[in-house]
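Structure at a glance
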Amino acid sequence: MDPAVEVVLACRDLAKAAAACRKLGERRVRVMALDLSSLADVRRFAAEVSSDLAMGRLPPVRALVANAGMQYPGPLRRSVDGYELTFATNHLGHYLLARLLAPALARPGRIIFVASGTHDPAQRTGMPTPIYEAAGDLALAPLNEPDPVVFGARRYTTSKLCNVMTAYELDRRLKAAGTLDIDVTAFDPGTMPSTGLAREAPFPIKQIWQIGVPLLSPLLRLTGFRPSTPRRSGRMLATMAIDPAYAGVSGAYVSIDRGERSSEESYDRTKASALWVGSAALVGLEP
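Okay, so let's go over this structure. (Residues numbered from 1 in each chain as written. Predicted model: local features only at pLDDT ≥ 70, side-chain atom pairs only at ≥ 80, totals over all residues. Heavy atoms only, no water.)

Attention shifts here to the nonpolar core. Of all hydrophobic cores here, the largest spans 47 residues; its most connected members are Phe87, Leu97, Ile111, Phe113, Leu170 and Val184. Counting residues per element, the ones that place at least two in this core are helix 2 (39-54), strand 3 (63-66), helix 3 (85-101), strand 4 (109-114), helix 4 (135-139), helix 5 (148-176), strand 5 (182-188) and helix 9 (269-283). Excluding its chain neighbours within four sequence positions, the residues that come into contact with Leu97 are Leu34, Leu36, Val42, Phe45 and Leu64. (Core = buried A, V, L, I, M, F, W, Y, C linked by side-chain atoms within 4.5 Å. Buried < 20%, exposed > 50% of the residue type's maximum accessible area, 1.4 Å probe, protein only. Helix = DSSP H or I, 4+ residues; strand = E, 2+ residues; numbered from the N terminus. Contact = heavy atoms within 4.5 Å.)

Our next topic: the sheet that holds strand 4. Reading across the sheet, the 4 strands line up as 3-4-5-6 and stay open at both edges, with parallel pairing between neighbours. Whereas interior strands pair on both sides, the edge strands pair on one side only; in this sheet they are strand 3 and strand 6 (252-255). Each neighbouring strand pair of the sheet contributes to a mean axis angle of 25°, computed without reference to strand direction. With 4 bridges connecting them, strand 3 and strand 4 associate as parallel partners. Directly across from Leu64, in strand 4, lies its bridge partner Ile111. (Pairing = 2+ DSSP bridges. Axes fitted to C-alpha atoms, helices over the stretch in contact; angles between N-to-C directions.)

Spanning 17 residues, helix 3 covers 22 Å between terminal C-alpha atoms, matching the ideal 24 Å at 1.5 Å per step. Along helix 3, the sharpest kink reaches roughly 30°, centred on Leu92. Of all 17 residues that make up helix 3, 15 are buried, and the element is covered over most of its length. Near the N-terminus of helix 3, the side chain that reaches the backbone nitrogen of Thr86, with its oxygen 2.9 Å away, is that of Glu84. (Expected span 1.5 Å × (residues − 1). Bend = angle between axes of the 7 residues up to and from the residue. Polar contact = N/O pair within 3.5 Å; in protein donor to acceptor, adjacent residues only side chain to side chain.)

Let us now look at the pattern of salt bridges. By the definition in use, this model includes 12 salt bridges. Close ionic contact of Asp41 with Arg44 constitutes a salt bridge, the shortest N to O distance being 2.8 Å. Taken as a pair, Asp41 and Arg44 lie in helix 2 at a separation of 3 residues, close to a single helical turn. Assessed through its relative accessible area of 33%, Arg44 is described here as partly exposed. The salt bridge involving Arg107 is made with Asp181; its shortest N-O contact spans 3.1 Å. Residue Arg107 is found in the loop between helix 3 and strand 4, and its partner Asp181 is found in the loop between helix 5 and strand 5; the two are separated by 74 residues along the sequence. (Salt bridge = Lys/Arg side-chain N within 4 Å of Asp/Glu carboxyl O.)

Considering all chains together, one arrives at 2 aromatic pairs under this definition. Between Tyr95 and Trp276, the ring centres sit 4.9 Å apart and the planes meet at 75°, which makes this aromatic pair edge-to-face. With Tyr95 in helix 3 and Trp276 in helix 9, this pair connects stretches of sequence that are 181 residues apart. Across the pair, exposure class does not vary: Tyr95 and Trp276 are buried alike. Seen in terms of ring centroids, Tyr168 and Tyr267 are 5.2 Å apart; in terms of plane orientation they differ by 20°. Their pairing is stacked. Remark: Tyr267 occurs in the loop between strand 6 and helix 9 and Tyr168 occurs in helix 5; sequence separation between them is 99 residues. (Phe/Tyr/Trp six-rings, centres within 6.5 Å; stacked < 30°, edge-to-face > 60°.)

A few words now on the pairing of strand 4. A large share of strand 4 lies buried, amounting to 6 of its 6 residues. On strand 4, burial covers both faces: Gly109, Ile111 and Phe113 on one face and Arg110, Ile112 and Val114 on the other are all buried. Alignment of strand 4 against strand 5, held across 6 bridges, turns out to be parallel. Looking at the pairing, Gly109 lines up with Ile182 of strand 5.

What follows covers helix 8 (residues 230-242). Taking 1.5 Å as the rise per residue, helix 8 with 13 residues should run 18 Å; its terminal C-alpha atoms sit 18 Å apart, in good agreement. Those residues of helix 8 lying buried are Ser233, Met236, Leu237, Met240 and Ala241. Seen end-on, helix 8 carries its buried residues on one side only, within an arc spanning 140°. Against the buried residues of helix 8 lie strand 3, strand 4, strand 5 and strand 6. (Arc of directions from axis to C-beta.)

Here is the structure:
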């Protein structure tokens, strides 16, 4: 890591965050508490960052990385705000955080939404095809689902489609407002079995994820599947956040393996605008 760069880890589990800091050693890393599933906590965190910036306790923030993601392939859970938990965490929390912190970014600044190739049915990831609905419908998902595992996985892929659409819509809205010095991108980090993403999955699926995928990585690559590692994908994410080579790259989708388009649906401007407006209503902001 560049010694001139300070990283703020916004984490729900402070014990795990502290362990990560110890692993990084004497680098410029600090931890701040943040639970993205709670809109109140997102607001508290954004206010704390803004206060620290105003008081000089934080250096200028040049990049915001919306990296959190959870997947719960089981019965529906709701956030403290009453919204479906996957949508609340993966989309609404990031949406609100980007809206609140974008004005505080140093210029030029960057916002990166970490998405997933699972949002695109054409990538043949084996995950259920996302089903986009109005933001309010996604937030207030029905309790009765015939197959909780499949529907839980679909809630994840749909939330990742929302990440991509939000990145594109934020880029368009910033440009329309005359803000040309904040770049917004969506990033597909590939599939990383060692991240614990499948920790809530049934035991057979967890075994396939943690053992089968790493063993079969060379074969899976031939099918379009994209296994990666936290180190490899994290290095790419850091590059997107600070490397001058990515200056001016905005409204774009970047994959860990190669540049490509995101799903056809993600380019639907009508849906993206509706998602933006609906999300604003859910978090209590003007569009």
